[in-house]
Amino acid sequence: GRRDCEAGWRSSVERLVGMPKFFFGEVIKKSSTKTVKVLISQFVFNKRAGRKLKVTKKLLTHDPEEVCNVGDFVKVRHTGVNVSKRKAHILDTIIKKHPQ
């Protein structure tokens with residue numbers, strides 16, 4: 001239905017594990033002003049294969065203070081509303097800074 005179309009990749013993950021409020025991932029790119037790209041990984045149980053599969057996704061995340069650098073391990077929060085056209089997540093905390 002409509003939920004599958006707008007959620008895209010999340011539709012299969014939502015059905016199996018639910019949409020979490022927080023994601024943990026690594027910053028892989030500083031895209032533009034106040035935007036970072038975060039790589040998140042989740043394990044989803046596949047009934048057909050009978051085992052857990054690793055699902056990865058790159059999320060565009062809003063970084064209001066521009067404190068993130070590439071390699072940082074961060075906690076990202078789902079806002080529920082879009083910050084911009086492709087951003088619906090905001091930086092919550094930096095868990096581990098990458099040594100520069």
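These notes cover the structure that comes with them. Given the structure is predicted, the values throughout are model-derived calculations rather than measurements.

**Observations regarding the pairing of strand S1 (residues 22–32)**
Item 1. By the bridge criterion, five bridges tie S1 to strand S4 (residues 73–78) in an arrangement that is antiparallel. Across the sheet, residue Glu26 finds its bridge partner in S4, namely Phe73.
Item 2. With six bridges joining them, S1 and strand S2 (residues 35–46) adopt antiparallel strand pairing. By the bridge assignment for S2, Val27 is matched with Val38.
Item 3. Between S1 and the antiparallel strand that follows it, S2, lie two residues; Lys34 among them carries a positive phi value of about 60°.

Calculation rules
- Residues numbered from 1 in each chain as written.
- Predicted model: local features only at pLDDT ≥ 70, side-chain atom pairs only at ≥ 80, totals over all residues.
- Heavy atoms only, no water.
- Pairing = 2+ DSSP bridges.
- Helix = DSSP H or I, 4+ residues; strand = E, 2+ residues; numbered from the N terminus.

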